[in-house]
2 protein chains.
Amino acid sequence: MPTHGTGRGPGDAAPTIGEVAAAAGVSRATVSRAFGRPQMLRPETVERVQEAARHLGYVPNRVARALSTGRFGNLALVVPDIANPFFPPMIRAVQGRADRAGFAVFLGDADEDPAREEVLLRQLSTQVEGFVLASSRLTDERIRAHAERRPLVLVNRDVEGIPRVLIDTTRAVGQAVEHLHELGHRRIAYLSGPAGSWSNRQRRRAVKRAGDRLGVEVLMVPAGRATFELGRLAVPALLATGATAVVAFDDLVAQGVLAGLSEQGVGVPAGLSVVGCDDVLATRTYPPLTTVSARSAEAGAAAVDLLAGMLTPGTPLADTRLLLDTSLVVRVTTGPPPRGGPRRP
Amino acid sequence: MPTHGTGRGPGDAAPTIGEVAAAAGVSRATVSRAFGRPQMLRPETVERVQEAARHLGYVPNRVARALSTGRFGNLALVVPDIANPFFPPMIRAVQGRADRAGFAVFLGDADEDPAREEVLLRQLSTQVEGFVLASSRLTDERIRAHAERRPLVLVNRDVEGIPRVLIDTTRAVGQAVEHLHELGHRRIAYLSGPAGSWSNRQRRRAVKRAGDRLGVEVLMVPAGRATFELGRLAVPALLATGATAVVAFDDLVAQGVLAGLSEQGVGVPAGLSVVGCDDVLATRTYPPLTTVSARSAEAGAAAVDLLAGMLTPGTPLADTRLLLDTSLVVRVTTGPPPRGGPRRP
DNA sequence: TTGTACGCGTTATCAC
DNA sequence: GTGATAACGCGTACAA
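These figures come from a predicted structure and were not determined experimentally.

**Q** Please give an account of the overall build of chain A that cites residues and values.
**A** Assigned secondary structure in chain A consists of 13 helices and twelve strands. Rg of the C-alpha trace for chain A: 26 Å, well past the compact-globule value of 20 Å for 345 residues, more than 25% over. In terms of its C-alpha atoms, chain A occupies a principal-axis envelope of roughly 90 × 45 × 35 Å. In chain A, which comprises 345 residues, the proportion classed as buried is 54%. A fraction of 70% describes how many contacts in chain A between residues 6 or more apart in sequence connect residues 24 or more apart. Here chain A displays about 14200 Å² of accessible surface, and carbon together with sulfur accounts for 53% of that area. Charged side chains of chain A number 41 positive and 34 negative; the gap between the two group centres comes to 1 Å.

**Q** Residues and numbers for the protein's contact with DNA strand D, please.
**A** Looking at DNA strand D, there are 28 residues lining it, with Ile 17 and Arg 37 of chain A together with Thr 30, Arg 33 and Thr 45 of chain B nearest. Among the atoms of DNA strand D lying within 4 Å of the protein, the sugar-phosphate backbone contributes 66%. Here a base nitrogen of DNA strand D and a backbone polar atom of Ala 64 of chain A are 3.2 Å apart. Between DNA strand D and Arg 65 of chain A there is a distance of 3.3 Å, counted from a phosphate oxygen to a side-chain nitrogen or oxygen. Elements with a contribution of two residues or more to the surface near DNA strand D: helix H2 (28–36) and helix H4 (62–69) of chain A together with helix H2 (28–36) and helix H4 (62–69) of chain B.

**Q** Report on the pairing of strand S2 (residues 104–109) of chain B, specifying residues and quantitative values.
**A** Residues and elements named next belong to chain B. Across the six residues that make up S2, a large majority, six, are buried. Bridge count for strand S1 (residues 74–79) against S2 is six bridges, and the pairing is parallel. Paired with Ala 76 across the bridge in S2 is Phe 106. The parallel pair S1 and S2 is bridged by helix H5 (residues 87–100), and the resulting crossover is right-handed.

**Q** I'd like a rundown of the layout of surface pockets, residues and numbers included.
**A** Summary: where empty space remains is shown by rolling a probe the size of a single water molecule over the atoms. In this model, the second largest pocket occupies a volume close to 1500 Å³. For the second largest pocket, the lining is made up of 49 residues, of which Tyr 58, Val 59, Pro 60, Asn 61 and Arg 62 of chain A are closest to its centre. Among the secondary structure elements, those contributing two or more residues to the lining of the second largest pocket are H2 and H4 of chain A together with H4, helix H6 (114–124) and helix H7 (140–149) of chain B. In terms of residues, the lining of the second largest pocket owes the most to one element, H4 of chain A, which gives six residues. Tallied by class, residues from the lining of the second largest pocket come to 20 nonpolar, 17 polar and twelve charged.

**Q** So what's going on with the sheet that holds strand S6 (residues 187–191) of chain B? Which residues, and what values?
**A** Residues and elements named next belong to chain B. One open sheet accounts for four strands, arranged S7-S6-S8-S9; its pairing is parallel. The open sheet has two edge strands with one neighbour each: strand S7 (217–221) and strand S9 (273–275). Each strand axis lies, on average, 20 degrees off the axis of its neighbour in the sheet, ignoring direction. Direction of pairing for S6 relative to S7: parallel, over a ladder of five bridges. The partner of Arg 187 across the bridge, within S7, is Glu 217.

**Q** For the packing of aromatic side chains, give the residues involved together with the corresponding values.
**A** Summed over all chains, the structure comprises six aromatic pairs over all chains. Ring geometry for Phe 35 of chain A against Tyr 58 of chain A: centres 5.4 Å apart, planes inclined by 70 degrees, an arrangement best described as edge-to-face. Here Phe 35 of chain A is found in helix H2, whereas its partner Tyr 58 of chain A is found in the loop between helix H3 (43–56) and H4, with 23 residues between them in sequence. Consider the rings of Phe 86 of chain B and Phe 87 of chain B, whose centres lie 5.1 Å apart with planes at 90 degrees: the pair is edge-to-face. Per residue, the accessibility class of Phe 86 of chain B equals that of Phe 87 of chain B, and both read buried.

**Q** Account for the packing of H5 of chain B against helix H13 (residues 296–311) of chain B, with residues named and values stated.
**A** All names here are of chain B. Two numbers describe how H5 lies on H13: the axes approach to 7 Å, and their chain directions differ by 35 degrees. For the element pair H5 and H13, the recorded crossing hand is right-handed. The residues of H13 that touch H5, namely those facing Pro 89, Met 90, Ala 93, Val 94, Arg 97 and Ala 98, are Ser 296, Ala 297, Gly 300, Ala 301, Val 304 and Asp 305. A class-by-class count of the residues in the contact of H5 with H13 yields eight nonpolar, two polar and two charged.

**Q** Would you mind going over unusual backbone geometry in detail, with residue names and values included?
**A** The residue after Val 268 of chain A, namely Pro 269 of chain A, is reached through a cis peptide bond having omega 5 degrees. For Pro 269 of chain A, the location among the structural elements is in the loop between helix H12 (251–263) and strand S9 (273–275). Following Tyr 286 of chain B, the chain continues to Pro 287 of chain B via a peptide bond in cis, the omega torsion being -5 degrees. Along the polypeptide, Pro 287 of chain B turns up in the loop between S9 and strand S10 (291–292). Look at Asn 156 of chain A: it is not a glycine, yet its phi comes out positive at around 55 degrees. With phi around 50 degrees, Asp 279 of chain A is a residue other than glycine that occupies positive phi space. Within the secondary structure, Asp 279 of chain A is located in the loop between S9 and strand S10 (291–292).

**Q** Pulling in residues and values, what's your account of the interface of chain B and chain A?
**A** Contact residues are listed per partner, giving 62 residues for chain B and 67 residues for chain A. For the pair chain B and chain A, the summed buried surface comes to about 5400 Å²; carbon and sulfur atoms form 51% of the total. Counting across the interface, chain B meets chain A through eight salt bridges. Across the pair Asp 81 of chain B and Arg 92 of chain A runs a salt bridge, and its minimum N-O distance is 3.1 Å. Taken together, chain B and chain A are joined by 15 residue pairs in polar contact (both at pLDDT 80 or more). When contributions to the side of chain B that touches chain A are tallied by element, the ones reaching two or more residues are H4, H5, S2, H6, H7, helix H12 (251–263) and H13 of chain B.

**Q** Give a description of the protein's contact with DNA strand C that names residues and reports values.
**A** Neighbouring residues of DNA strand C: 27 residues in total, closest Thr 30, Arg 33 and Thr 45 of chain A together with Ile 17 and Ser 32 of chain B. Between Ser 32 of chain B and DNA strand C, the recorded distance is 2.5 Å, taken from a side-chain N or O atom to a phosphate oxygen. Those elements that place two or more of their residues in the surface near DNA strand C are H2 and H4 of chain A together with H2 and H4 of chain B. Partitioning the surface near DNA strand C into residue classes produces ten nonpolar, ten polar and seven charged.

Parameters and conventions
Residues numbered from 1 in each chain as written. Chains lettered and ligands numbered in written order. Predicted model: local features only at pLDDT ≥ 70, side-chain atom pairs only at ≥ 80, totals over all residues. Heavy atoms only, no water. Helix = DSSP H or I, 4+ residues; strand = E, 2+ residues; numbered from the N terminus. Rg over C-alpha atoms; globule rule 2.2 N^0.38 Å. Buried < 20%, exposed > 50% of the residue type's maximum accessible area, 1.4 Å probe, protein only. Contact = heavy atoms within 4.5 Å. Areas by Shrake-Rupley, 256 points an atom, 1.4 Å probe, with all protein chains shown as cover. Lys, Arg positive; Asp, Glu negative; His and termini not counted. Charge placed at Lys NZ, Arg CZ, Asp CG, Glu CD. Near = heavy atom within 4 Å. Polar contact = N/O pair within 3.5 Å; in protein donor to acceptor, adjacent residues only side chain to side chain. Pairing = 2+ DSSP bridges. Right-handed = clockwise from strand over helix to strand, strands pointing away. 1 Å grid on protein atoms, 1.4 Å probe; cavity = no way out; pocket = protein on both sides within 12 Å on 5 of 7 lines; lining within 4 Å. Points joined across faces, edges and corners; volume = space filled by probe spheres on them. Nonpolar A, V, L, I, M, F, W, Y, C, P; charged D, E, K, R; others polar. Axes fitted to C-alpha atoms, helices over the stretch in contact; angles between N-to-C directions. Phe/Tyr/Trp six-rings, centres within 6.5 Å; stacked < 30°, edge-to-face > 60°. Left-handed = near helix turned anticlockwise from the far one by under 90°. Buried area = accessible area lost by both parts, 1.4 Å probe. Salt bridge = Lys/Arg side-chain N within 4 Å of Asp/Glu carboxyl O.

Shown next as structure tokens:
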């Protein structure tokens, strides 16, 4: 007799379908149907079973069900960094949407590490019906490999053949550069995010293109992992470029820049204009940050919908590529460049 | 023949233990042992099995294993609100710690709703070995009921008999009131957090007691769910009390207060002193917030350790009550009260 | 409409 | 040291 869990305490007997059957005076099959396909049974039978189940505190064992059907009722969401404020709203949205579709959610934090991400995917794959993979740092090849084993939807990662929802910041970043150009800036910097990030590549390219188009010189400053601290530490390098404005990978980095600038005695936007991205900090920075709207919650919800679609038998597997457009949100960290070029303390 | 998962694409055959056995020319039992208890087997046998498994891309099916052993290798973390920056570090810590102990983590966001929390606990209970329940909004009674079914560790919730780790802000909140008293404040306000929150009750009481002890009048201002927006909206009520300083439920609320104050043209700390709690915003507010250190990551890690202990057979079930002490972090949002009482715009 | 019987992939128990 | 076999709890053809 298996220990059946390591549960402690007295009432440790998780009632099984058999006990309910006995209590209701029917067979186990009938109990199973009372839950899964009530319309197959006579209403009074269903009622009797429900009653017995309620009385015993019976909860269908999802593990057993999964073993039998291959359907788990779980899906996994893997993100590179929960601590980045971009993700919590997405996590919430995924959870809520999954819940309504009858799924429970595994959450994996890959800690910006492809190897760790790989491990998560592998170990979760046996108990999950599908994956939402956000801002994956994996290679296209590896993503394809995983997608072959389990239905998988990408967020902010563009791999052909894999369903994906992309928050397209190209237009908004272009607007940001135009905005700076109009203000009179002619030399700006892009402060990079994580190397493996699709969003980072997209934004970097968008800044560069818009700059080229408008005759604005664009300097690239590397930063790495998207954190407040890295933004703060990048300030000297930033100032060294002689740029009069900076577009940061995201709001977190931009906020770090704001702090670093303040330490250096450089005013914003008087000494340097700053643009963020994702709008996760809204008006909570000081000064309130000009930024690019993001739609992470929507992206999460859309991803779950896509996944749910793939999971529904009979749905053709389309190569979906859902684009979520964004726009510039002008607040107060952008202004005309300082007279006589960038101001150094 | 069951569809066996809804996986698409070709190589849809998740290899089973039987196939590995056949390939290695051994029995299924041997394959099982090669993974679970290698020392029971001759090294060369283990090697042969491993080889075959690797060749086929075999991954032990955790679901099947769980059904057989009653051990899932999963644990669930339930929080009231992922979007509150207090939780992400804790989630991370839980994940990391769980990972090292060989557990995958389910995450549930109860959305501050006891009913939703209840549902999560129920539906997760069949696929999880234990729970970490953070800042639960459930009644003691319900918590006890769940704890009887599955091992469960509480964070920031004090229910006798249930293992719990508590971030004890009593001392630090007391320090905050002393700090304000020394600065000359004699009339302060406490801006409340969620009604069901143990932390909120603890802090409210701590402010009250310290006030009584020092002869500082304490006004209570209700706020509700801990959000930036609610802090912002509470500002008029706050000013109406005539208090010269406010202790907010947490940093998020405090930051909202900062914003609301700024809108009303009240300077900080010149017009009003503000103290936060949890130190999740560090120096990222403007002005940098005087606050109470929290230790959410440590709390999460400790909770997992406790849980892992309970799950280890042979461990006596102790009524653990782990207290994590905190202290005041003075930054710049506190100063002497305005001359001639609180300044109204 | 309801019951019987088998299979899902794994581990534990007992033989060998 | 290794192999057969019975659970684990549930879903579902198939039979009644």
